[in-house]
Amino acid sequence: MNKILHILETVKDPEIPVLSLVDLGVITHVAAEGKIVTVKMTPTFVGCPAMDYMKAEVESALQQEGYEPHVEISFEKPWSSDLISEKGKAALKKYGLAPPPDKKLFTDLEILETTTCPRCNSNHTELKNPFGPTLCRAIYYCYTCKEAFEQFKPL
Amino acid sequence: MNLALKELLYKMADDQLILGHRNSEWTGFGPILEEDIAFSSMAQDKVGQSLALYTLLQTLGESDPDIVAFTRNANQFHNCILVELPNQEYDFSLIRHFLFDTAEALRFEALSNSSYEPLAQLARKIRGELRYHTLHANTWMKQLGSATEESIARLQNSLEVALPYALGIFEPSLYEAELIDQKIFIGEAALKEMWLTKIETIINQTQLQLPDWKTLTPVYGGRIGKHSEHLQPLLDEMSEVFRIDPTAEW
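Residues numbered from 1 in each chain as written. Chains lettered and ligands numbered in written order. Predicted model: local features only at pLDDT ≥ 70, side-chain atom pairs only at ≥ 80, totals over all residues. Heavy atoms only, no water.

## Let's talk about the nonpolar core
Step number 1: Counting 120 residues, the largest nonpolar core has Met41(A), Leu99(B) and Trp195(B) as the members making the most contacts within it.
Step number 2: Among the elements that make up this core, the one with the highest residue count is helix 5 (residues 90–111) of chain B (12 residues).
Step number 3: Composition of this core by domain shows at least three residues from each of domain 1 (2–79) and domain 2 (97–152) of chain A.
Step number 4: Once you skip the residues sitting within four places of it in the chain, Leu99(B) turns out to touch Leu159(B), Ala162(B), Leu163(B), Ala166(B), Ile169(B), Trp195(B) and Ile199(B). (Core = buried A, V, L, I, M, F, W, Y, C linked by side-chain atoms within 4.5 Å. Buried < 20%, exposed > 50% of the residue type's maximum accessible area, 1.4 Å probe, protein only. Helix = DSSP H or I, 4+ residues; strand = E, 2+ residues; numbered from the N terminus. Domains from an automatic or database assignment. Contact = heavy atoms within 4.5 Å.)

## Quick notes on unusual backbone geometry
Step number 1: Of note in the backbone geometry, Asn121(A) takes a positive phi value of approximately 65° without being a glycine.
Step number 2: Its location among the elements puts Asn121(A) in the loop between strand 6 (97–98) and strand 7 (125–129).
Step number 3: Classification of Asn121(A) by relative accessible area gives partly exposed; the value is 45%.
Step number 4: The phi dihedral of Gln88(B) falls on the positive side, at around 55°, and the residue is not glycine.
Step number 5: You can see Gln88(B) is positioned in the loop between helix 4 (81–84) and helix 5.

## Brief notes about the domain arrangement of chain A
Residue and element names in this part refer to chain A.
Step number 1: What the domain assignment reports for chain A is domain 1 (2–79) and domain 2 (97–152).
Step number 2: Between the C-alpha centres of domain 1 and domain 2 the distance comes to 27 Å.
Step number 3: Both faces combined, the contact of domain 1 with domain 2 buries some 540 Å², and carbon together with sulfur accounts for 79% of it.
Step number 4: Area buried by domain 1 at its contact with domain 2 is led by Glu15, Ile16 and Phe45, which between them contribute 66% of it.
Step number 5: The tally of links between domain 1 and domain 2 comes to zero salt bridges.
Step number 6: At the surface where domain 1 touches domain 2, the tally comes to one residue pair in polar contact (both at pLDDT 80 or more). (Buried area = accessible area lost by both parts, 1.4 Å probe. Salt bridge = Lys/Arg side-chain N within 4 Å of Asp/Glu carboxyl O. Polar contact = N/O pair within 3.5 Å; in protein donor to acceptor, adjacent residues only side chain to side chain.)

What follows is the structure, given as structure tokens:
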């Protein structure tokens, strides 16, 4: 099983190449019986256009290692931003995307008004648009470094 | 149960698809860049949500989602008329976005407790996404609904035009009793009551005025395939590429 997770670790989000699908939290179930591997995946946002691409990448990564993958898209365990691992959040920040705040704090969307700038760590920031270049990103402005930045949206 | 459930899924999927298409017509034309991006993102969300609903229908024996979306004529669509009306100016699009998305968010919230588990699972996912849509609508309603004489007058006018159509969202289905009995859905009447309260709460934070609800006549027909003259041209445009070669691989 560890070997399979290791293979899945190599498959990255096509729009955030530093983040593996495992760390993104979209792989919700993995089971293996001999060479047959069953994987359940779920989209970050229902309308995510990268879902089919990511599914094909998972299939191809497993096939290359000699497995017979059965990959299913499922909403049984819906994605939320809390499923991003600590490692994944660190990778996002390093990539220049503010990681989503902990959902425990996220009872109201007012939490969106500011976030920590991934470049200078300032909290003197402002939400400019809850919608960004992809469905999972919002646009902020940092008054300290005077630059716009993006956040991976909490959900 | 199947007919009632299918009718519910079809009207929701068609609402999402048609309004998603209308939202996408703002791409490249938004009054400011942020609004261009916002309406385009909401379009992508809604079309994606319609795909998920058509996919559920497929598991119940209906055709492939692309066939369902691109090969039906207007009289086979179950969306409410509100969503098919042309975008017009930004004020009308904003009012429609506010009126429709408020109802939609409440609908998916209610469906997250549906006895039909695949729909409940999907609703639990979609309701979170819709918070961003209602946040967007409410923010602009509060800002522009109290901004200048012109912004208030424009929104007031669009509100009065849109409200009878918005009440058409809740056109009762033939299957209301069945859906309620089987705990699939709380029903249109209950949804409408929650919607009225929510709409009033937001409008009361602006300088806009709601007319007396009793004076309004809902525009029905969309749910049974009786549409305005605006739907067929939208469908012709939306399916133009698909119809050239339905078997093309993308």
